[in-house]
Amino acid sequence: MAKKKVKSISQDKKTILSFLKNRQTSTIIATFLMLFSVFLCIAFISFFFNWQEDQSTLNHLTDRAVKSQNLLGKVGANLSHFFVYEGFGLSAFIIAYQILLVGLYILLKKKISSIIISCNWNLFLMLLLSVSLGFVNKNYALASGVIGLEVNEYLQTFIGKTGLIILLIFLFVAYLILRYKVTFDNFIEKIKEKRLQQKIAEANEIDEFSETNSNEEVSETITLNKEKSEFEKSLENLKPTINKFSEVSSKKEEIEQDKENEPKLIIEEKNSEKEVKIDIEVSKEEEYSTENLSDKVLKDFGEFDPTLELSNFKFPTFNLLKQYNESISIDPEELEANKNRIVETLKNYKIGIDEIKATVGPTITLYEIVPEAGIRISKIKNLEDDIALSLSALGIRIIAPIPGKGTIGIEVPNKKATIVSMYSAISSKRFQESHMELPIALGKTISNETFVVDLAKMPHLLMAGATGQGKSVGLNAVLTSLLYKKHPAEVKFVLVDPKKVELTLFNKIERHYLAKLPDTEEAIITDTNKVIYTLNSLCIEMDNRYDLLKSAMVRNIKEYNAKFKKRKLNPNDGHQFLPYIVLVIDEFADLIMTAGKEVETPIARLAQLARAIGIHLIVATQRPSVNVITGIIKANFPSRIAFRVTSKIDSRTILDAPGADQLIGRGDMLYSGGNDITRIQCAFVDTPEVEKITDYIGSQKAYSEAYQLPEFVGEEGGTNIDIDIDIADRDKLFREAAEVIVTAQQGSASLLQRKLKLGYNRAGRLIDQLEAAGIVGPFEGSKARQVLVPDLVALDQLLENEMNG
């Protein structure tokens, strides 16, 4: 029985479908729908004129005594009331239009899917227009209908009037783009087409005008001689252009001299006018072809995209960073107690206060006080230790006065410090929407705002502080910021890590972000000799980049790359896209102790000159004293970060101002960007987080190798020594020098200077010759060279073998 029922249902469906597919049936349905749409349209129009009179007829559809003013009677009035008044207002005409479209689609045998799509779009437009008309005065509420008015008022309660206007504009734009495929590019192309058509029309008019002028009768042109001819007027206007053409100027002279033969004069003028026009057009075409060659290439191929090779590269996601509870717990009792203690302490020293207010930060609370008139600021500044004693707090810092404000600041550490995570710094609006070249999110200020700076404008950064106060975490925060914001094609890192353990995690992104010397195994530099070669290589890179900027006639890397992207620089001339290079040196003091002058010279050159060509230095050290960072280098590091130090002298050494000795440690730092000093809680990024980020980047497609720096051959390299291999060219004191070195077992030029009373240059040449002879080893930085010959007997044997050989 059940099977028979199923069969009967399926047969009924087939018969209904065949009935609807019948051409006669579909024609009847289509005709009905189109006529019904006309019916609705007339009813709606009539309703707008008679809706108030028809209100009494709405509930009396069958009552013959009650008559309607609507052109289509009570049915028209009721339908109009439902769709217009209780529905969508003026937008209800879209319903009539949609019914007409459906009828046409059925008549033309369109697909059902196209009917459904058009219905959806028109319903969306109807609702949008109805809500938009809800802004009309309530006396004309019929324009929007009940639905439009109610939805408008409902949305206004959530996003306000301005917010709703913005939303509606967005939806209208989205509708046009999605429905009619309208884009900004299409709009620009249409404008260009119109301009081109205008130019063509103008050119045609000029051609027609010249043809009509050439066919004029001579008698008409003779009458023009009473005044200056049009050609002479045009000559005066075109003097700068005509002076370039000697032929035209000579014809002008002939015309002025020969004024008797007037018809001939006019003909010559017309010929010369044609010649001028031709010459000008040719010159403009030549100019256009030379100047706009780059524009043509740009139009054909688009702007150069440096990220194209790694176009599928994905920046690290936020979920790789750890989130902490960063809600600042404000304890009103603690704030009130601290305020009272500060006021009492100052009262004890007869210092009155007019006003005091507190700003709570992640680790520090800033109390801003306004002292009474006549109080000296220095008097308050000297009470730093007394206030610290009364508050029982470590790290009280007094800012007197606060720059840009007429107040004195007292910074007091919170009892419960809040961790500032790298997640909150990176995901902040200020960092994400920054348009800086090299943005760095350092942490959060006392007012709990993310502090973002541009490394490109610093242009170099000096970080200093005692051991364990957060320098390495600060370096990781800087590198993490750049990894989250810059593509591998836009920035490269040169990492120097004498400790050998701090920056090793970044080895995984070697082929993405790191730069290194050719033929070196590891990109992260830990060996002192390689540091010297790398720094000198960066100096060569700097000089090469300046040459490129000179040939491109630009002043800095930003202008150069913008010009290269617009294809105005030819790669065949050596031009290429230049990525920023960030040199990071951890424990700079250790390098100075081991390498000395060999490191100082290239660092000083880079600090002075490398800013404009996109090489920026980040140097971290414990204490930047004069013997570690010279005055020349320090002068080129206006941006400095000071973590906690032990004494005021150390603070002055770093910042040229006190305050770093009053910090509380654990990432608490002072940032100086030149004039103002800002207290910041450094964003904390842990080793597992850095590992996750480097793993994420390292797992993606990379370049074939790390960014190659120019090769550097040291002064002690093979090229300079080969000259002195010839025994005949050796110094007269060569044997004596060899004996001194072997006897002392110390291969240094200073030893030869003292023992043989020589100048530095001669002693240096002797050392080179001894190296070529195999008596001393190669250059080892600031260390003495290794002596390869054990005693004088072995020396004699070596020299005899050379003579016999």
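About the criteria used
Residues numbered from 1 in each chain as written. Predicted model: local features only at pLDDT ≥ 70, side-chain atom pairs only at ≥ 80, totals over all residues. Heavy atoms only, no water. Helix = DSSP H or I, 4+ residues; strand = E, 2+ residues; numbered from the N terminus. Buried < 20%, exposed > 50% of the residue type's maximum accessible area, 1.4 Å probe, protein only. Contact = heavy atoms within 4.5 Å. Areas by Shrake-Rupley, 256 points an atom, 1.4 Å probe, with all protein chains shown as cover. Core = buried A, V, L, I, M, F, W, Y, C linked by side-chain atoms within 4.5 Å. Pairing = 2+ DSSP bridges. Axes fitted to C-alpha atoms, helices over the stretch in contact; angles between N-to-C directions. Expected span 1.5 Å × (residues − 1). Phe/Tyr/Trp six-rings, centres within 6.5 Å; stacked < 30°, edge-to-face > 60°. Lys NZ or Arg CZ within 6 Å of the ring centre and 35° of its normal. Parallel < 35°, antiparallel > 145°, perpendicular 65-115°, else oblique. Nonpolar A, V, L, I, M, F, W, Y, C, P; charged D, E, K, R; others polar.

Enquirer: Quick rundown of the overall build of the protein? Include the residues and the values.
Expert: A count of helices and strands for the protein gives 32 helices and 15 strands. For the protein, with 805 residues in total, the buried portion stands at 42%. Sequence-distant contacts, at least 24 apart, represent 67% of the contacts inside the protein between residues at least 6 apart. For the protein, the computed accessible surface area is about 46100 Å², with 55% contributed by carbon and sulfur atoms.

Enquirer: Give a description of the nonpolar core that names residues and reports values.
Expert: Of all hydrophobic cores here, the largest spans 102 residues; its most connected members are Phe 493, Leu 583, Phe 588 and Leu 606. For this core, the element with the highest residue contribution is helix H21 (residues 528-552), accounting for 9 residues. By size, the runner-up hydrophobic cluster in this structure holds 23 residues, among which are Leu 733, Phe 734, Leu 751 and Val 787.

Enquirer: Mind laying out the sheet that holds strand E4 (residues 408-413), listing which residues take part and the relevant values?
Expert: Spatial strand order, E1-E2-E4-E3: 4 strands in an open sheet with antiparallel pairing. Bordering the open sheet on either side are strand E1 (353-360) and strand E3 (397-399), each of which pairs with just one other strand. In this sheet, neighbouring strand axes are inclined to one another by 20° on average, regardless of whether the strands run parallel or antiparallel. Where strand E2 (residues 364-371) and E4 come together, 6 bridges link them in antiparallel fashion. Paired with Ile 364 across the strands is Pro 413, a residue of E4. Docked against the sheet, helix H14 (residues 332-348) engages E1, E2 and E4, running at close to 40° with respect to E2.

Enquirer: Tell me about helix H29 (residues 734-744), and name the residues and values.
Expert: Since the α-helix packs 3.6 residues into each turn, any two residues three or four apart lie on the same face. Every buried residue of H29 is listed here: Phe 734, Ala 737, Ala 738, Val 740, Ile 741 and Val 742. Residues of H29 that are buried make contact with helix H30 (749-756), helix H31 (760-772) and helix H32 (792-804). A positive backbone phi angle near 55° is found at Gln 745, which sits one or two residues after H29.

Enquirer: Describe unusual backbone geometry, naming the residues involved and giving the relevant values.
Expert: Put simply, Met 458 and Pro 459 share a cis peptide bond, and its omega is -5°. Turning to its location among the elements, Pro 459 is positioned in the loop between strand E6 (450-454) and strand E7 (461-464). Even without being a glycine, Arg 567 presents a positive backbone phi close to 60°. The residue Arg 567 is located in the loop between helix H22 (557-565) and strand E10 (580-585) in this model. A residue is classified by how much of its surface remains accessible, and Arg 567, at 27% relative accessible area, is partly exposed. The phi torsion at Glu 587 lies on the positive side, around 55°, for a residue other than glycine. Along the chain, the position of Glu 587 falls in the loop between E10 and helix H23 (588-595). Take Glu 587: its relative accessible area is 12%, and that puts it in the buried class.

Enquirer: Kindly report on the side chain of Thr 694, identifying the contributing residues and their values.
Expert: With respect to the secondary-structure elements, Thr 694 resides in helix H27 (residues 687-698). Sequence-distant contacts of Thr 694, defined by excluding residues within four places in its chain, comprise Leu 505, Phe 506, Lys 508 and Ile 509.

Enquirer: Residues and numbers for the side chain of Ser 639, please.
Expert: In this structure, Ser 639 sits in strand E12 (residues 639-642). When residues no more than four places from it in sequence are discounted, the contact partners of Ser 639 are Met 458, His 460, Leu 461, Leu 462, Tyr 671, Ser 672 and Gly 673.

Enquirer: Break down the pairing of strand E5 (residues 439-445) for me, citing the residues and quoting the values.
Expert: With respect to burial, E5 is a largely interior element, 7 of its 7 residues being buried. Looking at chain direction, E5 and E6 are connected through 5 bridges and run antiparallel. Across the sheet, residue Ala 441 finds its bridge partner in E6, namely Val 452. Linking two consecutive strands that pair antiparallel, namely E5 and E6, is a turn of 4 residues; a positive phi of about 65° is found at Asn 448 within it. Bridging between E5 and strand E14 (residues 677-682) involves 3 bridges; their strand directions are antiparallel. Pairing of Lys 444 across the sheet is with Gln 681, part of E14.

Enquirer: Which residues make up H31, and what values do they have?
Expert: The first and last C-alpha atoms of H31 sit 18 Å apart over 13 residues, in line with the 18 Å expected at 1.5 Å per residue. When we look at burial in H31, the residues that qualify are Ala 763, Leu 766, Ile 767, Asp 768, Gln 769, Leu 770 and Glu 771.

Enquirer: Account for the environment of Thr 418, naming residues and giving values.
Expert: Note that Thr 418 resides in the loop between E4 and helix H17 (422-426). The class of Thr 418 is buried, set by a relative accessible area of 10%. Each C-alpha atom, one on Thr 418 and one on Ile 364, is 9.5 Å from the other, the two residues being 54 residues apart in sequence.

Enquirer: Tell me about the packing of aromatic side chains, and name the residues and values.
Expert: Tallying each qualifying case throughout the model produces 16 aromatic pairs. Between Phe 304 and Phe 564, the ring centres sit 5.0 Å apart and the planes meet at 80°, which makes this aromatic pair edge-to-face. Of the two residues, Phe 304 sits in the loop between helix H13 (293-301) and H14 while Phe 564 sits in helix H22, which places them 260 residues apart along the sequence. Using a relative accessible area of 28% as the deciding quantity, one classes Phe 304 as partly exposed. For Phe 564, a relative accessible area of 7% puts it in the buried group. Here the aromatic rings of Phe 318 and Tyr 484 are separated by 6.3 Å at their centres, their planes lie at 15°, and the arrangement is stacked. Pair noted here: Phe 318 is in the loop between H13 and H14 and Tyr 484 is in helix H19 (residues 471-485), with a separation of 166 residues, a long-range link. In this structure, Lys 485 packs its charged tip against the face of Phe 431, placed 5.6 Å from the ring centre. Of note, Arg 730 hangs over the ring of Phe 734, and the distance from its end group to the ring centre comes to 4.3 Å.

Enquirer: Go over the sheet that holds E12 with me, naming the residues and quoting the values.
Expert: Sheet architecture is open: 9 strands sit in the order E6-E5-E14-E13-E12-E7-E11-E10-E8, paired in mixed fashion. The sheet is open, and its two borders are formed by E6 and strand E8 (491-496), each paired with just one other strand. Between one strand axis and the next, the sheet turns through 30° on average, direction left out of account. Pairing of E8 with E10 involves 6 bridges; the strand directions are parallel. Considered in E10, the bridge of Lys 492 is made with Ile 581. Contacts between H21 and the sheet are confined to E8, E10 and strand E11 (615-621), with E10 contributing the most and set at about 155° to the helix. Here helix H24 (residues 597-609) sits on the sheet in contact with E10 and E11, set at roughly 125° to E11.

Enquirer: Requested: an account of the packing of H23 against H24, with residues and values cited.
Expert: Contact pair H23 / H24: the axes reach a minimum separation of 7 Å and the direction vectors enclose 125°. By the criterion of interaxial angle, the relationship of H23 to H24 is oblique. Where H23 approaches H24, its residues Phe 588, Leu 591, Ile 592 and Ala 595 are matched on the opposing element by Lys 597, Glu 598, Val 599, Glu 600 and Ile 603. Each residue belonging to the contact of H23 with H24 can be placed in one class, and the counts come to 6 nonpolar, no polar and 3 charged.

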